[in-house]
Structures are given as structure tokens and as C-alpha cells.
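An overview of the molecular structure
What follows is each chain in one-letter form.
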Amino acid sequence: MNFLKTMVAAGLVAASTTVAFAADITGAGATFPFPIYSKWADAYKKETGNGLNYQSIGSGGGIKQIQAKTVTFGASDAPLKAEQLEKDGLVQWPMVMGAIVPVVNIEGVKPGEMVFDGETLANVYLGKITKWDDPAIKKLNPNVKLPSEAITVVRRSDGSGTTFNFTNYLSKVSADWKSKVGEGTAVEWPVGVGAKGNEGVSGNISQTKNSIGYVEYAYAKQNKLTYTKMVNKAGKTVEPTMESFQSAASNADWAHAPGYYVILTDQPGDKSWPITASTFILMHKEPVDKAAAKEALKFFAWAFKNGDKMAEELDYIPMPDNVVKLIEKTWSADIKS
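Residues numbered from 1 in each chain as written. Predicted model: local features only at pLDDT ≥ 70, side-chain atom pairs only at ≥ 80, totals over all residues. Heavy atoms only, no water.

This brings us to the overall build of the chain. When you go through the chain residue by residue, the secondary structure sums to 14 helices and 13 strands. What you see for the chain is a C-alpha radius of gyration of 19 Å, in line with the 20 Å of a compact globule of 337 residues. Dimensions of the chain, computed from the C-alpha atoms along their principal axes, are close to 60 × 40 × 35 Å. Relative to its 337 residues, the chain shows a buried fraction of 58%. Restricting the contact set of the chain to residue pairs at least 6 apart, pairs at least 24 apart contribute 76%. By element, 49% of the accessible surface of the chain is carried by carbon and sulfur atoms, the whole surface being about 13,700 Å². (Helix = DSSP H or I, 4+ residues; strand = E, 2+ residues; numbered from the N terminus. Rg over C-alpha atoms; globule rule 2.2 N^0.38 Å. Buried < 20%, exposed > 50% of the residue type's maximum accessible area, 1.4 Å probe, protein only. Contact = heavy atoms within 4.5 Å. Areas by Shrake-Rupley, 256 points an atom, 1.4 Å probe, with all protein chains shown as cover.)

Next up, the structure:
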């Protein structure tokens, strides 16, 4: 998928990016899964001749567009609760899992050299820690040369599922964050510069020295950003790897979650990456365009069957086969296509 790598590496994938093809499948929402949805769409087009038009506009925008019935499906990294799904006549399921990583731009610091714990990360985003050589950061990174420079905090400006999962995690690890800011797709940020989409945050970090942000791991990797390690719930320092993402994902009890509502942040386990997340698809139980809904479900079924390797190549975690079977039953029972 060379065009995507080139675009992402160059920071040219705008938050309103559209992967445009000829067919009628239209979707909009989360920027978190954009790299894998693009890769799947390209392969699906080659194999079937059918395309996908997906607008990477953020989870908040995706939820609004599916509620307004202007797209065949919405995509969100912030799952809707069962009562909201019922109210809007929507069906929800997880499509793929991934991870959110802190990223920094500090001269001389390489990917994986720095480490953060949840409380220190929360204090940076609360504006309590303002310089890179703060004692709390130095204590975690005794062998890293940290500048005595102000930290430029970068965060999302749009309604974002990445933000939902990031702030959900900070709320779990910092009582101060929970009481002052809390969690949501959009929050009242105490400090920071806003950027639109994972694309915008990636571009901003690339261009701003002494900055910190949070992005989906595929963006960090594609843009060659300096990701950090994290101290997890078990007190272990972990790297963002497929193994650490899968360790966190293994705790998900999809079968017993109404509307597949599962949050994967701060999971137990020595190897678990603490900010792991799922990304979800939303469709109407009674679609306006049944033919388009049928085509969309064909695409999703194809992605579940053929897309695992492509997902892993971009460091996403495929849904387990037993969960895919549950999801396909949900389609049959709940979506009238």
C-alpha cells in the first residue's frame, strides 16, 4: 500500500481524507483505523472491482453522519452504550483492535528510549509538569538526556475516539485527571495545542521540537515518530508491540458485552500495553439503502476472512475467529439488508 505509506509519511493525509472508489459503500468516522481500512479497500477493489469511500473525519463526525443517515456506516473508537444504540436504531460491532502510544519530538531521543507512567503522563496533560527535565520525568528516564525546555503539549481538536480511550486511561490512573477533566471524545483540555485527526497530531509532532502527543500506533510507525514505552497496570515497563497489544486484548469478554461495549485500557497482565483500544462499526438496523448495506456487510465479511495479515502488517490486532462468528450472527439477526 505504497501510496498510503507515502501520504502518511509526508503528513499529507488530511483529516478529511477520502479513499474514493466507484462503488456505493460510503463510510465516515475514526482516523484511528484509517490506515487499515485504506489497505483493505485497495485489496478489495483489486479482488472484486467494488470500492469503498471512507472519510477519515474523527469518531465524533462518524457518529453524527450515521445518525443523520448520510453514510452506509459510521466508524468510532468510542463505542456507544446499548441504550444509545437502541435509541438510534443502530447495530455496533468491533472491527479491529489497535493501540494508542505517546509520541515525543526531543532532539537525540530515539523511539522506545523514553518511558512514561500513567500519572506522569496525566500531569503533563494537566499542565502540572511543564519542562522536560522535571524530576518526575527524570526519575523514569535516568539515562536519557532531557533538555531544560518547555513541553509543547499536542492533543486532538476534533471529537475523537482516540481521545476517548486516552482520557479513559488517564482517568483510571490519575484521580486528579478524573476529577478535573474526566473522559470523553472531547474534553476541556487544561493545556495544549489542538490538531485534527491522528494525521494532524502526527504532523504537528513531526514539526514541533520538544512536543508530546498521542496517536494510533500505525501513524507513529508510518511517520517514524518517537514513541515511548509505558509502565503498565502490573508495574512493568512495556514496549508497543503486537505481543503487548494482544496481551491486553486477550482480556476482552466480547460475548457478554451488550452492543460489544468493551474498553481495553489499563488491562491486567505483565505484558499488556496500557492504552489498547478497539475500533467499531455502526450501521442502522433498517438501512435507508439496503443494497449499499448489503455491499458494506460483504466488504466487512471479506475483511474478517482475508484481512488479518494486512492488519498485523500495520500493527493492528485482528478480531478472534470466535468473535467474528458472534458478529456475523449479529448481522443476520439485526440488520435488514
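With 6 of its 6 residues buried, strand β9 (residues 211-216) lies for the most part within the structure. Pairing analysis gives 6 bridges linking strand β5 (residues 90-105) to β9, with the strands arranged antiparallel. Paired with Val101 across the bridge in β9 is Val215. (Pairing = 2+ DSSP bridges.)

Quick look at the pattern of salt bridges now. Tallied over the full model, the rule gives 12 salt bridges. Notably, a salt bridge pairs Asp158 with Arg156, separated by 2.8 Å at the nearest N-O pair. Note on Arg156: relative accessible area 3%, which makes it buried. A salt bridge links Lys298 to Glu295; the shortest N-O distance between them is 3.4 Å. Of this pair, Lys298 and Glu295 both sit in helix α12 (residues 290-306), 3 residues apart, roughly one helical turn. (Salt bridge = Lys/Arg side-chain N within 4 Å of Asp/Glu carboxyl O.)

Further remarks concern α12. Taking 1.5 Å per residue, 17 residues should reach 24 Å; α12 reaches 24 Å between its end C-alpha atoms and fits that length. Along α12, the residues classified as buried are Ala292, Ala293, Ala296, Leu297, Phe299, Phe300, Trp302, Ala303 and Phe304. If you check the start of α12, you find a side-chain oxygen 3.2 Å away from the backbone N of Ala291, and it comes from Asp289. (Expected span 1.5 Å × (residues − 1). Polar contact = N/O pair within 3.5 Å; in protein donor to acceptor, adjacent residues only side chain to side chain.)

What follows is about helix α5 (residues 118-126). The buried count for α5 comes to 8 of 9 residues, which makes it a mostly enclosed element. Three or more residues of α5 are buried, namely Gly118, Thr120, Leu121, Ala122, Asn123, Val124, Tyr125 and Leu126. Residue Gly127 follows α5 closely and has a positive phi angle near 85°.

The N-to-C vectors of helix α2 (residues 34-48) and α12 enclose an angle of 105°; their axes lie 11 Å apart at closest approach. The angle between α2 and α12 places the two elements in the roughly perpendicular class. Residues Trp40, Ala41, Ala43, Tyr44 and Glu47 of α2 form the contact with α12, whose participating residues are Glu295, Lys298, Phe299, Trp302 and Ala303. (Axes fitted to C-alpha atoms, helices over the stretch in contact; angles between N-to-C directions. Parallel < 35°, antiparallel > 145°, perpendicular 65-115°, else oblique.)

Let us look at the packing of α5 against helix α7 (residues 161-173). Closest axis-to-axis distance for the α5/α7 pair is 9 Å, and the angle between their directions is 115°. In the packing of α5 onto α7, the handedness of the crossing is left-handed. Packed against α5, whose contacting residues are Gly118, Glu119, Leu121, Ala122 and Tyr125, the element α7 presents Phe166, Tyr169, Leu170 and Val173 at the interface. Split by residue class, the contact of α5 with α7 holds 7 nonpolar, 1 polar and 1 charged. (Left-handed = near helix turned anticlockwise from the far one by under 90°. Nonpolar A, V, L, I, M, F, W, Y, C, P; charged D, E, K, R; others polar.)

Next up on the list: the side chain of Glu216. Tracing the chain through its elements places Glu216 in strand β9. It turns out Glu216 is buried and unbridged, and the closest side chain with the opposite charge, Arg156, is 9.8 Å from it. A polar side-chain atom of Glu216 sits 2.7 Å from the main-chain amide nitrogen of Ala218. Of the polar contacts made by the side chain of Glu216, one reaches the side chain of Tyr316; its length is 3.2 Å. Excluding residues that lie within four positions of it along the chain, Glu216 makes contacts with Phe32, Gly98, Ala99, Ile100, Asn198 and Tyr316. (Lys, Arg positive; Asp, Glu negative; His and termini not counted.)

Turning next to the environment of Leu297. Topologically, Leu297 is positioned in helix α12. A relative accessible area of 10% places Leu297 in the buried class. With 264 residues separating them in the primary sequence, Leu297 and Pro33 have C-alpha atoms 17 Å apart. In this structure Leu297 touches Trp93, Met283, Trp331, Ile335 and Ser337, once residues within four positions along its chain are discounted.

Here we take up the side chain of Ser38. By the element assignment, Ser38 lies in helix α2. Only 2.7 Å separates the side chain of Ser38 from the backbone oxygen of Phe34, close enough to count as a polar contact.

Now for the confidence of the model for the chain. When pLDDT is averaged along the chain, the result is 93; 93% of the residues meet or exceed 70. Scored below 50 in pLDDT, residues 1-23 shows 49 contacts in the model against residues more than four places distant or in partner chains. (pLDDT = per-residue confidence, 0-100.)

Attention shifts here to the sheet that holds strand β11 (residues 229-231). Pairing is mixed across the open sheet formed by 3 strands, whose spatial order is β6-β11-β12. Edge positions in the sheet fall to β6 (115-116) and β12 (237-238), since each has one partner strand and no second. Relative to β11, β6 runs parallel, the two being bridged by 2 bridges. What sits directly across from Val115, in β11, is Lys229.

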